[in-house]
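Listed below are the residues making up each chain.
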Amino acid sequence: SFVVFNGDTINSNSGDYKQDWSKFINEIANPLVQSGIASFVVLGNHDYEGASERKTYFNTVWKQFYQTNNVLYQKFGNFDYQNMPVYSFDFNGKRFVLLDYQSGSLSSSQTSYLQSNTVQNSFVFAHAPFVNVKGKQCTGGDTGTPVPAGSAGRCPRSSAPSPPSSGPAGTE
């Protein structure tokens, strides 16, 4: 079994991001691995805050983590983490692709990676949604700037449709 952390795993602006990653690995990822549960991480915008050295550190720390725990990760076929933060693996006949995608449009390299690495029965993980669905008014990331319906962006939770009412308890 495995778990995918979908980004914003730490807040790299909170102080010492290296210490934050160490704490996450020691307190969350290592105990999971020791229990036989693999951990995979998608890069989120707060994990590196746009700073290239923080992104490099993310890649280095996780590559080292995967190498250290190689015995567990051998059961994941085609596990190629050398191109982090974009990588993929196979598990139980399914392909899992993890992208470094924050918002906006997919880059040509991301599109190429998806074309080359997705197969039937693929699951793609990214930090931000790829598309806006159902014409909702969404906000543009952390700025709160409106993003036109039909474009990639983050929809506030309050705009999600309410579940249909089933009427008073005990009635159909």
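Residues numbered from 1 in each chain as written. Predicted model: local features only at pLDDT ≥ 70, side-chain atom pairs only at ≥ 80, totals over all residues. Heavy atoms only, no water.

## Focus on the pattern of salt bridges
Consideration 1: Per the counting criterion, the structure on display carries two salt bridges.
Consideration 2: Across the pair aspartate 100 and lysine 55 runs a salt bridge, and its minimum N-O distance is 2.6 Å. Highlighted residues: aspartate 100 in the loop between strand S5 (94–98) and helix H5 (108–117) and lysine 55 in helix H3 (residues 52–68), separated in sequence by 45 residues.
Consideration 3: On the accessibility criterion, aspartate 100 (13% relative accessible area) is buried. (Salt bridge = Lys/Arg side-chain N within 4 Å of Asp/Glu carboxyl O. Helix = DSSP H or I, 4+ residues; strand = E, 2+ residues; numbered from the N terminus. Buried < 20%, exposed > 50% of the residue type's maximum accessible area, 1.4 Å probe, protein only.)

## What to know about the nonpolar core
Consideration 1: Phe40, Trp62, Tyr66, Tyr73 and Phe79 are the most contacted members of the largest nonpolar core, which totals 30 residues.
Consideration 2: For this core, the secondary structure elements donating two or more residues are helix H1 (17–34), strand S2 (38–41), H3, helix H4 (70–73), strand S4 (87–91) and S5.
Consideration 3: The element best represented in this core is H1, accounting for six residues.
Consideration 4: In contact with phenylalanine 40, not counting residues within four places along its chain, are Phe2, Val3, Val4, Phe5, Tyr66, Tyr73, Phe76, Phe79, Tyr87, Phe89 and Leu98.
Consideration 5: Formed by eight residues, the second largest nonpolar core is a distinct cluster that contains Val86, Tyr113, Leu114 and Ala126. (Core = buried A, V, L, I, M, F, W, Y, C linked by side-chain atoms within 4.5 Å. Contact = heavy atoms within 4.5 Å.)

## So, the side chain of histidine 127
Consideration 1: With respect to the helices and strands, histidine 127 occurs in the loop between strand S6 (122–125) and strand S7 (138–139).
Consideration 2: Owing to a relative accessible area of 17%, histidine 127 belongs among the buried residues under this scheme.
Consideration 3: A distance of 2.9 Å separates the side chain of histidine 127 from the backbone oxygen of asparagine 6, its partner in a polar contact. (Polar contact = N/O pair within 3.5 Å; in protein donor to acceptor, adjacent residues only side chain to side chain.)

## As for the sheet that holds strand S3 (residues 77–80)
Consideration 1: Taken in spatial order, the four strands make up an open sheet running S3-S4-S5-S6, and their pairing is mixed. Either end of the sheet is taken by a strand with one partner, and the two such strands are S3 and S6. Adjacent strand axes in the sheet meet at a mean angle of 20 degrees when their direction is disregarded.
Consideration 2: Of the pairings in the sheet, the one linking S5 to S6 comprises four bridges and is parallel in character. (Pairing = 2+ DSSP bridges. Axes fitted to C-alpha atoms, helices over the stretch in contact; angles between N-to-C directions.)

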